[in-house]
Amino acid sequence: MSQKFIEKGYSIVEENKKADIYIINTCTVTNMSDRKSRQMLRRVKELNKNAIIVACGCYVQIAKQEIEEMEDVNIVLGNNEKAQIVEHVEKYIKEKTKQMQTEDVMHQNDFIEFGDVEYTEKTRAVIKIQDGCDRFCSYCIIPYARGKVRSRKPQSIISEIIKNVQNEIKEVVITGIHIASYGKDFEQQYNLIDLLEEINKIQGLERIRLGSIEPLLITEDFVKRLKKIEKVCHHFHLSLQSGCDTTLKRMNRRYTTEEFKQIVSLLRDHYEDVLLTTDIIVGFPGETEQEFENTYKFLKQIKFYKMHVFKYSQRKGTKAASMQNQVDGKIKEARSKKIIELSNKMQREYNENYIGKEVEVLFEEEKEGVYKGHTKNYILVHYKTSQNLENKMQKVIGEKAQGEYIIAKTISL
């Protein structure tokens, strides 16, 4: 959306600065997301009372009436209308009448193209390959906000990546709502691994990083083909959610802990330096103390590099919202804290294994002479140097583990 405005001659101002137009791209993944979206819509009016305020995105999609009733919001756009955001803004400027466009995403059959996006970070580009989800996990509102699975055409994806590489982007992150479903809506058989093999052929591209993936995507055949794609980063974010089978069943996750364990073993058998991260929900309805302990033990057994912990959020319109035995907030808080402590401990221990080891880092940014970047398996590295290493690959040696990152030193020649 930023690029759409830039192409039309608008300039982007820094966050929390005075602007003529504010775009609030709302989120609805949790109740907290809803609340933050509403707060932001109110806050920007204080920065400039005469500004045009646009509300778009997922919260808008599932709470249309609530957003439309907010007097300060001038333009309301659902997820299908974001590609035409500049046109909607200019129509409002001309007509001065409230614009409300929120089509039903459940009837959208095709991926909506924005065009090639070149407005990215300095070193990596986030490439969206699909939209929508048909998994309907019992806690999740996103399928209702995003609609059915729609995959982007391969040639469109390849074109966008080539343009970014021409702009000296070295790494792409493949993302979407449920990228494991990529291609399932195509008439001819073509899926994620086929796409990755094509992306790997792009000259000048150094790294392909995968966003969050469905664990069941990882099969023997998939990993064998993936291993041959040398640009794929050895970092996989497998969204587990719970380490207890009864909880997983209530969540409508379609695997067991034993199946998940086999998936992890498969990846570790093929990638010696593989790094695994995950998402965990604590306090899901009916989660007993024993079920939580089962999850905790399983997480210790798997040894993730990092775990993103979420306290269950009751989402109106989902199956879990009406489940009995909702868990008390204080219990959720205690369970969240316990898993975060475990996550921090496992991350420190993993980082310590890299002391004295050579790693190749793509450096992304510099602050006060210290460059920060990531290894291929996504370990954050800090390296102090007078050289200009921004957007450059450099081999260094891990010298010290410092919490969430490694401090590196130059390789002795």
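Owing to the predicted nature of the structure, the values given are computational and were not obtained by experimental measurement. (Residues numbered from 1 in each chain as written. Predicted model: local features only at pLDDT ≥ 70, side-chain atom pairs only at ≥ 80, totals over all residues. Heavy atoms only, no water.)

**A short note on the packing of helix α7 (residues 154-166) against helix α8 (residues 192-199)**
- Close contact between α7 and α8 brings their axes to 11 Å; oriented N to C, the two are set at 35°. Taken as a pair, α7 and α8 cross one another with a handedness that is right-handed. Packed against α7, whose contacting residues are P154, I157, I158 and I161, the element α8 presents L195, E198 and I199 at the interface.
- Here the contact of α7 with α8 is composed, by residue class, of six nonpolar, no polar and one charged. (Axes fitted to C-alpha atoms, helices over the stretch in contact; angles between N-to-C directions. Helix = DSSP H or I, 4+ residues; strand = E, 2+ residues; numbered from the N terminus. Left-handed = near helix turned anticlockwise from the far one by under 90°. Contact = heavy atoms within 4.5 Å. Nonpolar A, V, L, I, M, F, W, Y, C, P; charged D, E, K, R; others polar.)

**Considerations on the environment of I193**
- Mapped onto the secondary structure, I193 falls in helix α8.
- Distance from I193 to P285, taken between C-alpha atoms, is 36 Å for residues 92 residues apart in sequence.
- Once residues within four sequence positions are removed from consideration, I193 is found in contact with F222, R225, L226 and I229.

**A closer look at the sheet that holds strand β14 (residues 380-384)**
- The strand order around the closed barrel built from five strands is β12-β13-β14-β16-β15, with neighbouring strands paired in mixed fashion. Put simply, the sheet's adjacent strands are angled 50° from each other on average, direction ignored.
- By the bridge criterion, three bridges tie β14 to strand β16 (residues 405-410) in an arrangement that is parallel. Among the inter-strand pairings, V381 is bridged to a residue of β16, identified as I406. (Pairing = 2+ DSSP bridges.)

**Details of the state of the cysteines**
- A full pass over the atoms with the stated rule returns zero disulfides.
- Lacking any disulfide linkage, C56 is separated from the closest cysteine sulfur, that of C58, by 9.6 Å.
- The class for C56 is buried, based on a relative accessible area of 0%.
- Free cysteine: C137, not disulfide-bonded; nearest cysteine sulfur from C140 at 6.2 Å. (Disulfide = S-S within 2.5 Å. Buried < 20%, exposed > 50% of the residue type's maximum accessible area, 1.4 Å probe, protein only.)

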